[in-house]
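# Geometric and topological summary
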Amino acid sequence: MHESDEQDTADVVSDEEQQTPTMEAMPQASSSISNKTPEDRESPAELQLSEAVNWNSHDSQHVNGKHDPFTNNHEIPVQAAMNTEFAETRTFSESHDSVLDNSTDGEESSHKEVNIDYRRSLTRKGSSNSDMSATSSVDRDSIPGSYDSGLPSRDTIPLSKYLVVAAIDFGTTYSGYAFAFTRDPESIHMMRRWEGGDPGVSNTKTPTTLLLTPDKRFHSFGFGARDFYHDLEPSEAKKYMYFEKFKMKLYSDECLSEETEIKAANGKSMKAIDVFSYSLRFFKEHVVEELSDQMSTKLVDNDICWVITVPAIWKAGAKQFMRKAAYDAGLTDYENPERVIIALEPEAASIFCRKLRMRDCVLDEVKRKSVVGAMMDWQIGSEFEGKTKYMVVDCGGGTVDLTVHELDNDTGVLKELHKGTGGPCGATGVDAQFEILLKKIFGKDFIDQFKTKRPAGWVDVMIAFEAKKRNSSPNKNNWLNLALPFSFIDYYKKHHKTSSIESAVKKYGDPNLKWSSQGMLRLAPQVMNELFNPVLQNIVKHVRDLLNSPNVNEVKFLFLVGGFAESPLLQHAIRDAFSSKLRVIIPNDVGLTILKGAVLFGLDPTVIRVRRSTLTYGVGVLNKYIPSKHPREKIVRKNGVMWCTDIFDKFVTADQPITLGDRVTRSYAPAKKGLNYTTLSLYCTEEKEVEYITDLNVRKCGELRIELPELDAADQTKPRELQATMTFWDTEIKVSGMDVRTGKEARARIDFLSN
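This section reports on the structure supplied with the text. (Residues numbered from 1 in each chain as written. Predicted model: local features only at pLDDT ≥ 70, side-chain atom pairs only at ≥ 80, totals over all residues. Heavy atoms only, no water.)

### Side note on unusual backbone geometry
- Located in the positive-phi region is Glu554, a residue other than glycine, with phi close to 55°.
- Mapped onto the secondary structure, Glu554 falls in the loop between α13 (525-547) and β24 (555-561).
- For Asn639, which is not a glycine, the phi torsion comes out positive at approximately 55°. (Helix = DSSP H or I, 4+ residues; strand = E, 2+ residues; numbered from the N terminus.)

Quick look at the structure:
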């Protein structure tokens with residue numbers, strides 16, 4: 001047992017049974033809380049009171065109490081959310097309240113009010129024409145105010161405040177951009193062919209490769225970076241910093257921060273935030289240059305809304321990291337965060353796939369013979385009836401993202417039925433299997449040394465393998481010829497005086513592997529299948545597990561999308577496993593589905609009305625100690641009262657449905673004169689049932705900081721109250737703050753990169 005009479009905590013009124021909605025968060029300059037009249041407010045969501053706050057009946061006698069944060073004996077009013085337009089106010093005396101257990105500012109602050117507002121706000125982005133930037137260069141009076149989002153025609157979009165919506169699909173292996181003018185949203189413009197692209201490939205995307213000069217300045221990105229690095233002499237290549245497939249760092253690093261570093265091919269490291277910002281700046285400059293070539297007027301920053309795609313399984317810190325990189329790249333700034341939208345990749349694909357027509361899809365042999373000419377123009381979405389459930393399987397370079405949506409064709413409401421799931425089983429998993437194979441043939445030490453000493457040569461090896469990987473098909477029986485670069489052969493000779501590559505291949509003893517006199521490593525189709533199998537089996541398992549989840553049933557369609565979905569081997573594996581249970585749909589331009597969908601999402605960010613929280617979020621509080629319920633080792637004393645410490649006070653539960661407009665409001669009063677801020681630790685877990693912040697798998701994930709505006713000297717002796725409102729919007733939380741006494745804006749932000 002640890003007992004203390006003085007605790008550096010912040011008091012919070014929070015019933016331990018409460019559940020309040022929140023989602024992933026983004027830091028931003030705070031915005032004022034809307035002061036709507038009752039007539040202006042949207043109708044409340046029809047959620048039961050038990051989903052908000054459950055109060056004990058004996059507490060109802062404490063009503064309209066007053067609270068002085070500078071005294072020890074006080075009563076704390078609590079505003080509980082009701083399924084009505086206005087919330088009921090109740091007051092707790094000190095014997096009934098809870099206190100915040102995780103204030104990180106070292107000072108005591110009193111939590112005064114809990115208000116969980118479930119009012120839904122389905123107003124589309126851009127509904128207010130008065131919100132247009134005064135600095136915009138375009139007269140938008142003639143721009144149409146609606147477009148077909150795949151929802152019923154009555155769900156039209158009011159006039160957009162932007163001239164252009166530009167999306168960047170930042171992939172693990174390949175990246176690209178697309179844009180649409182808001183006056184003509186049905187026309188999505190793509191980069192037709194990147195300079196330096198591979199022959200025989202569409203090249204509407206470019207490799208996610210960044211090259212920096214020896215003094216760490218930007219040199220090139222994409223094909224330009226890859227080709228320049230390829231042509232460097234080995235001694236020169238060691239000086240340049242070449243980065244590829246670095247996006248996975250944001251998924252795999254559990255301690256992601258602004259100080260996180262990424263290692264280049266030459267072994268040198270650089271801050272990851274700089275690597276990502278260099279890359280995003282490249283795309284920004286490319287987009288602006290292309291737009292300028294097409295327009296007679298000069299673009300200004302306020303004319304463009306940027307959309308950046310991220311995997312749905314990314315944690316909040318990774319999303320915040322990408323937003324920070326966008327700020328550093330100049331896409332927008334901290335004062336205008338709304339100009340950058342974070343889009344979830346499977347959601348973007350979902351939005352676009354419902355607009356597909358039969359002619360836009362890859363048909364299997366049986367389906368191709370049964371579809372007549374007139375049917376080729378059918379829209380896939382026209383087959384949706386009533387409430388249609390469908391799954392999106394986004395197979396990218398690094399990760400596989402799965403989501404299940406339900407579209408109500410009568411109301412147009414699109415809901416997420418299960419939180420985003422998946423794992424690191426993308427196309428790079430096949431690359432990893434190929435590297436393992438090379439280590440078995442030529443030795444682990446040799447491959448590791450070659451990667452370090454001849455980094456450009458290793459890039460050549462993987463480029464050659466990538467070409468064969470993309471063309472592998474279950475219907476091809478011919479052997480694959482993989483041309484190993486001269487640097488590989490030469491380096492092997494220098495380090496194996498008495499052995500040759502041919503003898504190493506023969507010694508390996510696999511009849512499906514041969515070495516040709518033309519310098520080719522020949523692979524039988526079975527070898528390529530074996531490289532794919534572990535990855536394909538993982539993907540099939542993820543899909544099967546999701547289909548067997550309690551909330552997922554009667555799924556009628558499966559959309560297979562993403563760059564890796566271009567693989568005929570993956571397409572065959574998905575169809576073979578699931579075509580007997582549901583309809584598998586694969587777009588022709590499967591690698592561009594997310595990019596096009598991201599543009600549509602930027603035009604209408606409210607298209608997904610209900611999402612699922614990926615994690616359980618909350619703060620640590622002290623609750624009144626109950627001997628029959630709480631362990632004795634959790635006892636602390638505060639002002640002579642026994643409390644239970646480390647209680648996990650939930651904001652939202654993992655996989656809980658959350659509607660656009662749901663928000664959580666909490667108020668804090670600093671307990672010491674002169675203190676004008678408070679900082680609170682946030683905790684998260686994948687578990688739905690959690691009691692204490694010390695439970696297994698619970699971790700600190702970020703901090704919430706609220707600051708009060710300055711007051712006149714005459715007013716500084718009066719009590720202060722800080723109010724923070726976390727508002728769900730798009731794929732992140734926006735947090736705003738207010739000084740309750742003055743009604744003035746207070747700076748508030750959530751930081752998931754502070755750990």
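Additional details are given in the paragraphs that follow.
### Describing the pattern of salt bridges
- Inspection of the entire model under this criterion finds 27 salt bridges.
- Of the charged contacts in the structure, one is a salt bridge between Asp589 and Lys596, with a shortest N-O distance of 3.8 Å.
- Salt bridges here are not isolated pairs; linked through shared partners, they connect Lys245, Asp431, Glu466, Lys469, Arg470 and Glu566. (Salt bridge = Lys/Arg side-chain N within 4 Å of Asp/Glu carboxyl O.)

### Focus on the sheet that holds strand β22 (residues 513-515)
- What the three strands build is an open sheet, ordered β21-β23-β22; its pairing is antiparallel. A single partner strand is all that each edge strand has here, and the edge strands are β21 (480-483) and β22. Sheet twist, expressed as the average angle between the axes of neighbouring strands with direction ignored, equals 25°.
- In the sheet, β22 pairs with strand β23 (residues 520-523) via three bridges, with the strands oriented antiparallel. Across the sheet, Leu513 pairs through a bridge with Leu523, a residue of β23. (Pairing = 2+ DSSP bridges. Axes fitted to C-alpha atoms, helices over the stretch in contact; angles between N-to-C directions.)

### With respect to the pairing of strand β16 (residues 340-344)
- With respect to burial, β16 is a largely interior element, five of its five residues being buried.
- Of the two faces of β16, the one lined by Val340, Ile342 and Leu344 and the one lined by Ile341 and Ala343 are each fully buried.
- Tracing the backbone out of strand β15 (residues 304-310), into helix α5 (residues 316-329) and back to the parallel element β16 gives a crossover that is right-handed. (Buried < 20%, exposed > 50% of the residue type's maximum accessible area, 1.4 Å probe, protein only. Right-handed = clockwise from strand over helix to strand, strands pointing away.)

### Let's talk about the packing of helix α10 (residues 455-471) against α13
- Put simply, α10 and α13 touch, their axes get as near as 11 Å, and they point 90° apart. Between α10 and α13, the interaxial angle falls into the category roughly perpendicular. Touching Phe465, Lys468 and Lys469 of α10 are Met528, Leu531 and Phe532, all from α13.
- Partitioned by chemical class, the residues of the contact of α10 with α13 number four nonpolar, no polar and two charged. (Parallel < 35°, antiparallel > 145°, perpendicular 65-115°, else oblique. Contact = heavy atoms within 4.5 Å. Nonpolar A, V, L, I, M, F, W, Y, C, P; charged D, E, K, R; others polar.)

### A closer look at the nonpolar core
- Counting residues in each nonpolar core, the largest one holds 100 residues, and the members touching the most others are Met391, Phe442 and Phe564.
- When residues in this core are grouped by element, the largest group, eleven residues, is from α13.
- Phe442 has contacts with Ile447, Phe488, Tyr492, His496, Ile501, Ala504 and Val505, leaving out every residue within four places of it along the chain.
- If you look at the next biggest cluster of nonpolar residues, it comprises 51 residues, including Val164, Phe170, Leu212 and Ile262. (Core = buried A, V, L, I, M, F, W, Y, C linked by side-chain atoms within 4.5 Å.)

### Description of the state of the cysteines
- In total, this model carries zero disulfides according to the counting rule given.
- Free of any disulfide, Cys684 has its nearest neighbouring cysteine sulfur in Cys701, separated by 3.7 Å. (Disulfide = S-S within 2.5 Å.)

### Description of the pairing of strand β7 (residues 174-181)
- A large share of β7 lies buried, amounting to eight of its eight residues.
- Neither face of β7 is left uncovered, since the one carrying Tyr174, Gly176, Ala178 and Ala180 and the one carrying Ser175, Tyr177, Phe179 and Phe181 both have all their residues buried.
- Where strand β6 (residues 164-169) and β7 come together, six bridges link them in antiparallel fashion. Pairing of Ile168 across the sheet is with Tyr177, part of β7.
- Between the antiparallel neighbours β6 and β7 lie four residues.
- Examined bridge by bridge, β7 and strand β9 (residues 206-207) share two bridges and lie antiparallel to one another. If you follow Ser175 over to β9, its bridge partner there is Thr206.
- Where β7 meets strand β8 (residues 189-190), two bridges bridge the pair, whose relative direction is antiparallel.

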